[in-house]
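Listed below, chain by chain, are the residues.
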Amino acid sequence: MDDLFAPPQYEWKRLAPPYRTLRRLTTAVGLVVFIVPAVIFGVMTQLWWVSAIVIALGLAITVPRWLLVERHYRSWGYVEREDDLYITHGVMFRTLIAVPYGRMQLVEVESGPLERALGLAHVTLVTASASTNATIPGLVPDEAARLRDSLTQLGEAHASGL
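Let us look at the structure shown here. Sequence order sets the numbering: in each chain, residues are counted from 1 along the sequence as written. Thresholds applied to this predicted model are a pLDDT of at least 70 for local features of residues and 80 or more for the giving and counting of side-chain atom pairs; totals over whole chains, interfaces and linings are not thresholded and use all residues. Note: side-chain values were computed over all heavy atoms of the structure, leaving out hydrogens and water.

## Things to note about the packing of helix α2 (residues 18-45) against helix α3 (residues 48-67)
The following threshold applies: Every angle, taken between N-to-C directions, lies between 0 and 180 degrees, and every axis is a line fitted to C-alpha atoms, over only the stretch in contact when it is a helix. Numbering of helices and strands runs from the N terminus; a helix is a DSSP stretch of H or I covering at least four residues, while a strand is a stretch of E covering at least two. Roughly parallel means an angle under 35 degrees; roughly antiparallel, over 145; roughly perpendicular, 65 to 115; everything else is oblique. We call Asp, Glu, Lys and Arg charged. Ala, Val, Leu, Ile, Met, Phe, Trp, Tyr, Cys and Pro are nonpolar, and the rest, Gly among them, are polar.
Interhelical geometry of α2 versus α3 gives an angle of 175 degrees and a closest axis separation of 8 Å. By the angle between their directions, the pair α2 and α3 is classed as roughly antiparallel. Residue composition of the contact of α2 with α3, by class: 16 nonpolar, seven polar and three charged.

Okay, here's the thing in structure tokens:
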């Protein structure tokens, strides 16, 4: 069944290893967002049972996310084909997106503060249809720039042939 979402005849490119660190870091920050206000609330109101419930909820959300970081990382892939770009991702719900080069309107490379600190960037593809916009996270900046330039060139070549 995975062949449907990542056809083996192509050489799939994967995300950069620091992407796992980024996911773990954002997961830890998410847990802090639950714990710190819960502890402050418990100290100020003496309602420790409410704090305990909020902390338990935070752990129930972040622990599985932390454990699935590696699987999430391995699920991402992309391949530049002759007429389109394939992007696949997803652990429980697999997705395969085919973006025709001729339909691309904009290719952006972005990098937030955490991504920059880890030497990462992400590429966002905007197409004529809002439902087919695609993002490839966790790329090293050189690969993101190369992909942007390649996709822009291919997009222009395919659009002029329409």
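Still to come is the rest of the account.
## Some remarks on the environment of Leu 57
Inclusion rule: Only protein chains enter the accessibility calculation, which uses a 1.4 Å probe. A residue is then buried if its area is under 20% of the maximum for its type, exposed if over 50%, and partly exposed in between.
Mapped onto the fold, Leu 57 is located in helix α3. With a relative accessible area of 45%, Leu 57 lands in the partly exposed category. In this structure the C-alpha to C-alpha distance between Leu 57 and Leu 31, which are 26 residues apart in sequence, comes to 9.5 Å.

## Here's the deal with the sheet that holds strand β3 (residues 95-100)
Adjacent strands of a sheet pair through backbone hydrogen bonds, lying either parallel or antiparallel. Quick reminder of the rule: Pairing between two strands requires that DSSP report at least two bridges joining them.
The sheet built from three strands is open, its strands ordered β1-β2-β3 with antiparallel pairing. Among the strands making up the open sheet, the edge pair consists of β1 (77-80) and β3. Between one strand axis and the next, the sheet turns by 15 degrees as a mean value, whatever way the strands run. Where β1 meets strand β2 (residues 84-89), four bridges bridge the pair, whose relative direction is antiparallel.

## A look at the side chain of His 122
Formally: Throughout, a residue-residue contact means that at least one pair of heavy atoms, one from each residue, lies within 4.5 Å.
Take His 122: it is sitting in strand β5 (residues 121-127). Of the residues examined, His 122 reaches a relative accessible area of 17% and is grouped as buried. Every residue in contact with His 122, bar those within four places of it in the chain, is listed here: Glu 108, Val 109, Glu 110, Glu 115, Thr 135, Ile 136, Pro 137 and Gly 138.

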